[in-house]
Amino acid sequence: MTLILGLESSCDETAAALVTSDRAILAHRVAGQEAEHRPYGGVVPEIAARAHVDRLAPLVEQVLADAGVALSDVDAIAATAGPGLIGGVMVGLVTGKALAHAAGKPLVAVNHLEGHALSPRLVEPDLRFPYLLLLVSGGHCQLLLVEGVGAYRRLATTIDDAAGEAFDKTAKLLGLGYPGGPAVEHIAAEGDPRAVALPRPLVGSAEPHFSFAGLKSAVARAAASGAHATPDLAASFQAAVVDCLVDRSRIALAACPQATAFVVAGGVAANGAIRTALTALAGEFGKPFVAPPLWLCTDNGAMIAWAGAERFAAGFTDPLDTAARPRWPLDPAAEAVRGAGVKA
Ligand code: KG4
Ligand code: ZN
């Protein structure tokens, strides 16, 4: 059994956690930055980086105290090394390096996306490789065949916006503020998902990828028309996203009969309507559906500690001169797709 300290700071959550290789979460804490970024309607990278500097070291002390362990009891230190806002990633990675150096422990540089991708295995011991993963977060929207630790095959990605980005932009233009996803979901519960006719980009296309930019523009036009109530707009938008995710995932499920399960992870996986629809889709294919609990979907330190534990067990550690990476695809061999703002 090994004990791993995990650090996360790639976006606007500062997080630390202590997790064991046998899936015990000894402590985990997340410090959000909503108040800092709310006046700007989105995450301001420089403000985020400074907030991580202020918060990360105290958080590490707190999780050690919560768990009643000393730094010397830890077997390895895992820190997000990318992809993400580079200032924030550097804060977490440098902190991880300093702790590793001071305590004489190995460093595990974790790809934030691998943190999301392996997080379901922290709470689902029976989840075996390979599994089909829908990774939906603020920066990414991908379908991946997870073949093992460090082994990913990307089947689809977005050719423009990520799913979470679409939620955040929709929230902003509906005046629902930041953070957008939970606000849209909340108000959508009072709306009629059939009230506003919105496009489902790429639905029905043989191309496996995602697109959300046209949907966001359609929401903007519908909102500007003044003809619709905000809950109806939110509900109709959410229904369109659900249809896009289900249609694209259906192609991937059909292409991956070897998948042991259909899994969703990332912040958008916290959305109830999306979870319900994906549960039904997995049922169509006779696959188990796995979604981490809500707190493990949005950014946290436990998923980084767990990915660190899996990598450490597989023999991967990293040198102290490992560089922070703003972009870091999980599948470096994946072919480029059309679209200007393609997210790896
Ligand atoms: O994984 P995550 O915490 O950070 C990134 O790695 O990007 O994902 C954040 C994204 C944001 O776009 C947020 O609006 C979205 O997840 N999100 C949601 C919900 N909760 C968070 N989207 C829809 N419904 C939710 N309940
Ligand atoms: Zn994330």
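Residues numbered from 1 in each chain as written. Chains lettered and ligands numbered in written order. Predicted model: local features only at pLDDT ≥ 70, side-chain atom pairs only at ≥ 80, totals over all residues. Heavy atoms only, no water.

## Notes on the sheet that holds strand β5 (residues 107-111)
Strand order in the open sheet formed by five strands is β3-β2-β1-β4-β5, with mixed pairing between adjacent strands. Edge strands, defined here as strands with exactly one partner in the open sheet, are β3 (25-32) and β5. When the angles between neighbouring strand axes are averaged without regard to direction, this sheet yields 20 degrees. As judged from the six bridges shared by strand β1 (residues 3-8) and strand β2 (residues 13-20), these two strands associate in the antiparallel manner. Within the sheet, the bridge partner assigned to Gly 6 lies in β2 and is Ala 17. Running at roughly 160 degrees to strand β4 (residues 76-82), helix α3 (residues 86-103) makes contact with β1, β4 and β5 of the sheet. Sitting on the sheet, helix α11 (residues 301-313) touches β1, β2, β4 and β5, and the angle it makes with β1 is about 130 degrees. (Pairing = 2+ DSSP bridges. Helix = DSSP H or I, 4+ residues; strand = E, 2+ residues; numbered from the N terminus. Axes fitted to C-alpha atoms, helices over the stretch in contact; angles between N-to-C directions. Contact = heavy atoms within 4.5 Å.)

## Focus on the packing of helix α7 (residues 213-225) against helix α8 (residues 230-255)
What describes two packed helices is the angle between their axes and the distance between those same axes. Where α7 contacts α8, the axes come no closer than 11 Å and their chain directions differ by 165 degrees. Taken together, the axes of α7 and α8 lie roughly antiparallel to each other. The two elements α7 and α8 cross, and the hand of that crossing is right-handed. Residue-level inspection shows Leu 215, Val 219, Ala 222 and Ala 223 of α7 in contact with α8, the latter providing Leu 233, Phe 237, Ala 240 and Val 241. Residue classes in the contact of α7 with α8 are distributed as eight nonpolar, no polar and no charged. (Parallel < 35°, antiparallel > 145°, perpendicular 65-115°, else oblique. Left-handed = near helix turned anticlockwise from the far one by under 90°. Nonpolar A, V, L, I, M, F, W, Y, C, P; charged D, E, K, R; others polar.)

## Some remarks on the coordination of the zinc ion (ligand 2)
For the zinc ion (ligand 2), every protein donor is listed as His 112 (NE2), His 116 (NE2) and Asp 299 (OD), and the spread of their distances is 2.0 to 2.1 Å. Between the donor residues of the zinc ion (ligand 2), the gaps in sequence give the motif H-x3-H-x182-D. Taken together, the residues span a long stretch of sequence, with His 112 in helix α4 (residues 112-123) and Asp 299 in the loop between α10 (294-297) and α11 at a distance of 187 residues. (Donors = N, O, S within 2.8 Å, 3.2 Å for Na, K, Ca; no water.)

## Points about the confidence of the model for the chain
Across the chain, the average pLDDT comes to 96, with 99% of residues at 70 or higher. The weakest mean pLDDT in the chain belongs to helix α1 (residues 34-37) at 92; the strongest belongs to β1 at 99. (pLDDT = per-residue confidence, 0-100.)

## Considering the site of ligand 1
Taken together, 19 residues surround ligand 1, and among them Gly 138, Asp 168, Gly 181, Glu 185 and Asp 299 come closest. A distance of 3.1 Å separates an oxygen atom of ligand 1 from a polar backbone atom of Gly 164. In the model, an oxygen atom of ligand 1 is placed 3.0 Å from a nitrogen or oxygen of the Asp 299 main chain. For ligand 1, the protein covers 88% of the area, taking 550 Å² as the surface of the free molecule. (Near = heavy atom within 4 Å. Polar contact = N/O pair within 3.5 Å; in protein donor to acceptor, adjacent residues only side chain to side chain. Areas by Shrake-Rupley, 256 points an atom, 1.4 Å probe, with all protein chains shown as cover.)

## Thoughts on the pattern of salt bridges
In total, this model carries 14 salt bridges according to the counting rule given. The salt bridge involving Lys 169 is made with Asp 161; its shortest N-O contact spans 3.3 Å. Residue Asp 161 is classed as buried on the basis of its relative accessible area, which comes to 7%. The partner of Arg 200 in a salt bridge is Asp 243, and the shortest N-O contact between them spans 2.8 Å. Of the two residues, Arg 200 is situated in the loop between α6 (180-188) and α7 and Asp 243 in helix α8; the sequence distance between them amounts to 43 residues. The exposure class assigned to Arg 200 is partly exposed, which follows from its relative accessible area of 27%. Connected through salt bridges with shared partners, the residues Asp 161, Glu 165, Lys 169 and Lys 216 form a single ionic network. (Salt bridge = Lys/Arg side-chain N within 4 Å of Asp/Glu carboxyl O. Buried < 20%, exposed > 50% of the residue type's maximum accessible area, 1.4 Å probe, protein only.)

## A few points about the nonpolar core
Leu 134, Phe 212, Phe 237 and Leu 245 are the most contacted members of the largest nonpolar core, which has 47 residues in total. At the level of secondary structure, the elements contributing two or more residues to this core comprise β6 (131-136), β7 (141-148), α5 (163-173), α6, α7, α8, β9 (262-265) and α9 (272-284). Tallying contributions element by element places α8 first for this core, with 12 residues. With residues up to four places along the chain from it excluded, the contact list for Phe 212 reads Cys 141, Thr 158, Asp 160, Asp 161, Ala 162, Ala 163, Ala 166, Val 241, Cys 244 and Leu 245. The next biggest cluster of nonpolar side chains, apart from the first, holds 31 residues, and it includes Ala 17, Val 110, Val 146 and Ala 309. (Core = buried A, V, L, I, M, F, W, Y, C linked by side-chain atoms within 4.5 Å.)

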